[in-house]
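Each chain, letter by letter, is given below.
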Amino acid sequence: MPKNDNIDNIIDHKLFTEQDIHNMCVKLGKQLTEDYAGKKPLIVGALKGAIFFLTDLVREMNVKEQIDFMDVSSYGDSLESSGQVKIISDLATDVKDRDVLIVEDIVDTGLTLKFMKELLKKRGAKSVKCCVLLNKKANRQIDIDVEYYGSKVGNEFVVGYGLDFMSFYRNLRYIGVLKPEAIKLAANK
Ligand code: PRP
């Protein structure tokens, strides 16, 4: 699929504009600044979806934090979770006794977050919380605490600002809803 070609044929409508996203980052950043005051949290970005959100969020946080990344994937290029979360590349930082904040673009089934939270706790983190931009509850398969989130979303397929469709469209500045026919077309290829 050509990258961002004919985007109007793919995107049904914008769900969150750049300004909406900025407002969410500001609000979350303020809350996290209060909640992590006096702490030195380790911010763990879940690649690849979280890249844009993380970079905007941490610049709204006035906290002495460190950043590391973990590349985890359960979807690959598939449209449905495989149910198996794989570590593609791991953290470089020891999380023992650290206050860890996982940053994610979206929580959907909840399997990725559950996997990450359990792993980091097992490694001895002092606390493990998460901050996700979008909280999609319709497909949740397990009960999981989502301590911070920007907005709830319905069951639409959303792309942009890190969120992908078959690994494309992450670089859109806004978050849009995919046209159902675009999804059907790709599924039949
Ligand atoms: C996406 C997203 C979250 C996860 C959420 O990642 O970035 O990490 O799925 O879904 P879940 O709640 O159903 O587990 P994906 O595995 O597609 O990798 P990516 O971040 O590289 O796109």
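Residues numbered from 1 in each chain as written. Predicted model: local features only at pLDDT ≥ 70, side-chain atom pairs only at ≥ 80, totals over all residues. Heavy atoms only, no water.

Moving on, we get to the sheet that holds strand β2 (residues 42-47). Here 6 strands make up an open sheet; going across it, the order is β4-β3-β2-β5-β6-β7 and the pairing mixed. The sheet terminates laterally at β4 (86-89) and β7 (148-153), the two strands that pair on one side only. Averaged over neighbouring strand pairs, the angle between their axes works out to 30 degrees when direction is ignored. In the sheet, strand β5 (residues 99-107) pairs with strand β6 (residues 127-136) via 8 bridges, with the strands oriented parallel. If you follow I102 over to β6, its bridge partner there is C130. Most of the contacts of helix α3 (residues 51-58) go to β2, to which it runs at about 155 degrees, and overall it touches β2, β3 (66-73), β5 and β6. (Pairing = 2+ DSSP bridges. Helix = DSSP H or I, 4+ residues; strand = E, 2+ residues; numbered from the N terminus. Axes fitted to C-alpha atoms, helices over the stretch in contact; angles between N-to-C directions. Contact = heavy atoms within 4.5 Å.)

Here we take up the nonpolar core. Residues F53, L101, L134 and I175 are the most contacted members of the largest nonpolar core, which totals 28 residues. Secondary-structure elements contributing two or more residues to this core are α2 (18-35), α3, β5, β6, β7 and β9 (175-178). Those residues within four positions of I175 in sequence are excluded, and the remaining contacts are K14, L15, F16, I21, L133, L134, V158, V159, G160, Y161 and L163. Residues V107, L111, M116 and L119 belong to the second largest nonpolar core, which totals 22 residues. (Core = buried A, V, L, I, M, F, W, Y, C linked by side-chain atoms within 4.5 Å. Buried < 20%, exposed > 50% of the residue type's maximum accessible area, 1.4 Å probe, protein only.)

The next point concerns the pairing of β6. Looking along a regular strand, one sees the side chains alternate between the two faces of the sheet. Most of β6 is tucked away, with 8 of its 10 residues classed as buried. Following the chain from β5 across helix α4 (residues 111-122) to the adjacent parallel β6, one finds a crossover that is right-handed. Relative to β7, β6 runs parallel, the two sharing 5 bridges. Residue pairing in the sheet places L134 in a bridge with S151 of β7. (Right-handed = clockwise from strand over helix to strand, strands pointing away.)

This part takes up the sheet that holds β9. Taken in spatial order, the 3 strands line up as β1-β9-β8 in an open sheet, and their pairing is antiparallel. On the outer flanks of this sheet lie β1 (11-16) and β8 (158-159), each paired with one strand and no other. Relative to β9, β8 runs antiparallel, the two being bridged by 2 bridges. Looking at the pairing, V159 lines up with G176 of β9. Strands β1 and β9 of the sheet are contacted by α2, whose axis makes an angle of about 30 degrees with β1.

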